[in-house]
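These are the residues of each chain, in order.
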Amino acid sequence: MRLRRKAFSSGGFAFAQTISTQISSYNLSTAAAAAGWDGVAPLTATITITAAGSVIGPVGGGLAFDVPALPTGSLVTVINDGYIAGGGGLGGIGGPYNG
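Residues numbered from 1 in each chain as written. Predicted model: local features only at pLDDT ≥ 70, side-chain atom pairs only at ≥ 80, totals over all residues. Heavy atoms only, no water.

**Student:** Sorry, what's going on with the side chain of Ser 74 here?
**Tutor:** Among the structural elements, Ser 74 can be located in the loop between strand S7 (65–66) and strand S8 (75–80). Residue Ser 74 is classed as buried on the basis of its relative accessible area, which comes to 3%. From its side chain, Ser 74 meets the backbone nitrogen of Leu 43 in a polar contact 3.0 Å long. One polar contact links the side chain of Ser 74 to the main-chain carbonyl oxygen of Pro 71, over a distance of 2.7 Å. (Helix = DSSP H or I, 4+ residues; strand = E, 2+ residues; numbered from the N terminus. Buried < 20%, exposed > 50% of the residue type's maximum accessible area, 1.4 Å probe, protein only. Polar contact = N/O pair within 3.5 Å; in protein donor to acceptor, adjacent residues only side chain to side chain.)

This is how it looks when you write it as structure tokens:
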């Protein structure tokens, strides 16, 4: 599956990452900043999740894969051959069954 998010033209800082294991709560801005992105220049990012890879949210709820607001001109491509799954929720307290 390929997903693209684009705001006008691309350019700026190029960032590529391959995920081939299970990780939790991936944040694109944090990962790109760790690679040297200044948070101001447009970001051109390609994230590949291999068949052996997965990105999961924390148990009890939460984001698995977060792409926060990016500068104008940014381009994000996600190549997902694995899994992206949110953490779900804690569930409700339930109620009576009227079946």
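**Student:** Looking at this model, I keep getting lost on the packing of aromatic side chains. Mind explaining?
**Tutor:** Across all of its chains, the model carries one aromatic pair by this definition. The interplanar angle of 35° and the centroid separation of 5.0 Å between the aromatic rings of Tyr 26 and Phe 65 together place this pair among those described as tilted. Separated by 39 residues along the polypeptide, Tyr 26 in strand S4 (residues 26–27) and Phe 65 in strand S7 bring together distant segments of the chain. Exposure remark for Phe 65: the relative accessible area of 17% places this residue in the buried category. (Phe/Tyr/Trp six-rings, centres within 6.5 Å; stacked < 30°, edge-to-face > 60°.)

Geometry only, nothing functional implied.
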